[in-house]
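A structural walkthrough
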Amino acid sequence: MSILFIPGDVMLMMIVVAPSLSSSSHHKDPTLQTNNAGIILRPQPSSDPRDPLNWPLRHRDLAFAFLIIHSLVGGGQTPILAAAFPQVSHELGVSLSKISITTGSYMLALGVGSMFASPMSLRWGKRPVWILGIGIMFVSTLWAGFSHSYGSLVAARVVEGFGVSPCECLASPIIADLYFQHQRGFRVGLYTLFLIGGKNLVPLVAAAILEGTGSWRWIFWIVAMMTAGSLVGAFLFLPETSWVRDYSGSSNENSAVEEKKDGVDGGDQSMRKVDDSVEDTGAITLNVPSVSPPVATENKGDPLSSSTHATDPESGAMKPHTLFSDLRLYRGRLTQTPLPTLFIRPLVLYTYPTILWSALLYSLSVVWLIVMSEVLSQVFRAEPYNFTPMGVGLTYISALIGSMAGSGIAGKMSDWTVRWMTKKNGGVMEPEFRLVLAAPVALTTTIGLWGFGWSASRGDPWIVPTVLFGILAFGCTLGSTVAITYTVDSHREIAGEAMVTINLSKNLVGFVISLVVNEWVDGMGLKGVFFVLGGIQLAVSALTVPLYVAGKRTRGRIHRRKALKV
């Protein structure tokens, strides 16, 4: 029995089948590396100890920790002034609708910034772009705190959007660089929790700062202090993760692989294993053939290939990765692809139905939370609630709990579902297995939107719309995780450009919504607006069904068409 693989499909498990099902056409690949649980490692790590997949797990997790902590702060910058809108409006002498433009302009800059950050990371590496973004964010938040005019605040927020953009477009590719496919779902869930959870936690903290200091300026100054800490942490503990890897369909990645038969012979037994300690202690033990010392090449456009890594001058052996082994910010060009081409590539991805679906789902999952940040003060500071700014901020506790629950379910349930469906599919993992969780996304998000609009417009007790806010945050976190994991699994080799496409869509939609939502609520009413938003969510969620059915064929057509060569 042979299996036809399409890019995105991987043999993740070796399934034992009856000998009668075997055929002489079976091709056994004794070079595939597995962990002790029998899961085939995807992608296959190289023999170079400096390959990020070969780093000790504790080093990878430390880098990941600094990545998601900064994403928490960066993710919360969109609604950071939610509780302070009335004070900022009064101090700067402009209307609330104009203050909401500071959020819209920030989101627009996030989208445009991603279109610069991703090509630059492909050209010069993810590490320098990530650290540059933190530096820009530090300067811009100081600037925002010292702004004494509306124009200055808007300009500071625009610059801040450019600085935060790497959090949105580079984090997922860095996770894909650091972890095997079966390890990603949980980490992407955590990243989504911190990124989306930041939109719920940071406004709560900002409200407390506003209550304690009496000034919205301290909100930005404290963010600047936290950003300074992120800058030091990223410089010391987040090395360059870019690595030249073959995703072109080699036997190790996408070629047809057959099931293992009963009574395996010595060739099957020689399948290389990576000890389970890769999960527990981080130590990766590779049973690989010895390699001759790498020889320096003239390929300046490929500085991260194994042929250019440092070697011990005495033994000629490749030096192992250590925590502070390489703190360089500049490594030269990583690709010879012209910059204009790199800028255009994310736009080409709008022709990919798989990425277009992810862009729609992710956009709605984030934008609904932005809508909430725009209307919460409008709802809870008016009759019958009459909340203080701190009271408005405390409503985000519900959303934070919902985000944490959504992240936990999204990460663990996504990986569990994929493993279960992979076993049922003969050991072959297909990205469409991630789409199963789109059903609870549609249910919880729609309930949250419709329920909040209905209860808040009726003036129900504050606990009712607050709990429904948490249900909405649960669905939004779950939805964003499904969109990201499906994209990375389907198009690993262009994950960076795909995240630019997805985030550009999200930020453009967010920019438009931020300009009209307050006036829309005034004209149509809270219930009418939120019922329309729930209908939009259901319509987009319905597109998951044809994608689940035809996703594999769609990926095959994309691969054959080669609209975007990498």
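Quick caveat: nothing in here was measured; it's all calculated off a predicted structure. (Residues numbered from 1 in each chain as written. Predicted model: local features only at pLDDT ≥ 70, side-chain atom pairs only at ≥ 80, totals over all residues. Heavy atoms only, no water.)

**Some points on the packing of helix α1 (residues 57-75) against helix α7 (residues 181-213)**
The description of two packed helices rests on the angle between their axes and on the distance between the axes. The contact between α1 and α7 brings their axes to 7 Å, and the two run at 25 degrees. Looking at the two axes, α1 sits roughly parallel to α7. Relative to α7, the crossing made by α1 is right-handed. Of α7, the residues touching α1 (which contributes Leu57, Arg60, Asp61, Phe64, Leu67, Ile68, Ile69, Ser71, Leu72, Val73 and Gly75) are Gln183, Arg187, Leu190, Tyr191, Phe194, Leu195, Gly197, Gly198, Lys199, Leu201 and Val202. A per-class count over the contact of α1 with α7 returns 13 nonpolar, 5 polar and 4 charged. (Axes fitted to C-alpha atoms, helices over the stretch in contact; angles between N-to-C directions. Helix = DSSP H or I, 4+ residues; strand = E, 2+ residues; numbered from the N terminus. Parallel < 35°, antiparallel > 145°, perpendicular 65-115°, else oblique. Left-handed = near helix turned anticlockwise from the far one by under 90°. Contact = heavy atoms within 4.5 Å. Nonpolar A, V, L, I, M, F, W, Y, C, P; charged D, E, K, R; others polar.)

**Some details on the packing of aromatic side chains**
Taken as a whole, this structure holds 16 aromatic pairs when the rule is applied. Their ring planes at 70 degrees and their centres at 5.4 Å tell us that Phe116 and Phe343 sit as a pair that is edge-to-face. With Phe116 in helix α3 (residues 96-124) and Phe343 in helix α11 (residues 339-348), this pair connects stretches of sequence that are 227 residues apart. Assessed through its relative accessible area of 41%, Phe116 is described here as partly exposed. Owing to a relative accessible area of 25%, Phe343 belongs among the partly exposed residues under this scheme. Ring geometry for Phe380 against Phe387: centres 5.1 Å apart, planes inclined by 10 degrees, an arrangement best described as stacked. Every member of this aromatic cluster is reached through a ring pair, and the members are Phe116, Phe162 and Phe343. (Phe/Tyr/Trp six-rings, centres within 6.5 Å; stacked < 30°, edge-to-face > 60°. Buried < 20%, exposed > 50% of the residue type's maximum accessible area, 1.4 Å probe, protein only.)

**Things to note about the nonpolar core**
One broad trend across soluble globular proteins is that nonpolar side chains are buried collectively. Of all hydrophobic cores here, the largest spans 115 residues; its most connected members are Trp130, Trp216, Trp368, Val371, Phe452 and Phe530. At 17 residues, helix α12 (residues 353-380) tops the list of elements feeding residues into this core. Sequence-distant contacts of Phe452, defined by excluding residues within four places in its chain, comprise Met372, Leu376, Phe380, Ile447, Ser457, Pro465, Leu468, Leu526 and Phe530. (Core = buried A, V, L, I, M, F, W, Y, C linked by side-chain atoms within 4.5 Å.)

**Points about helix α2 (residues 85-92)**
Spacing of three or four residues puts side chains on the same side of an α-helix, whose turn is 3.6 residues. Of all the positions in α2, only Phe85, Val88, Ser89 and Leu92 are classed as buried. Down the axis of α2, the buried set is contained in an arc of 100 degrees. They therefore lie on one face. Buried residues belonging to α2 abut α3, α5 (150-169) and α12. Of the residues flanking the end of α2, it is Gly93, one or two places downstream, whose phi is positive at about 70 degrees. (Arc of directions from axis to C-beta.)

**Quick word on the side chain of Asn507**
Position of Asn507 among the secondary structure elements: in helix α17 (residues 495-524). Among the polar contacts made by the side chain of Asn507, one reaches the main-chain carbonyl oxygen of Asn503 at a distance of 2.8 Å. (Polar contact = N/O pair within 3.5 Å; in protein donor to acceptor, adjacent residues only side chain to side chain.)

**A few points about the confidence of the model for the protein**
Looking at the protein as a whole, its pLDDT mean stands at 79, while 79% of the residues score no less than 70. For the protein, per-element mean pLDDT is lowest for helix α9 (residues 266-269), which scores 36, and highest for helix α4 (residues 126-145), which scores 96. Low pLDDT, under 50, characterises residues 16-28; the stretch is placed with 20 contacts to residues that sit more than four places away or in other chains. Contacts of residues 247-316 to residues separated by more than four positions or lying in other chains number 167 contacts, the stretch itself having pLDDT below 50. (pLDDT = per-residue confidence, 0-100.)

**Digging into the pattern of salt bridges**
Taken as a whole, this structure holds 10 salt bridges when the rule is applied. For the salt bridge of Arg187 with Asp61, the shortest nitrogen-to-oxygen distance reads 3.4 Å. In this pair, Arg187 is assigned in helix α7 and Asp61 in helix α1, connecting sequence segments 126 residues apart. (Salt bridge = Lys/Arg side-chain N within 4 Å of Asp/Glu carboxyl O.)

**So, the state of the cysteines**
The final tally for this structure, using the stated rule, is 0 disulfides. Free cysteine Cys167: the closest other cysteine sulfur is in Cys169, separated by 8.9 Å. Note on Cys167: relative accessible area 1%, which makes it buried. (Disulfide = S-S within 2.5 Å.)

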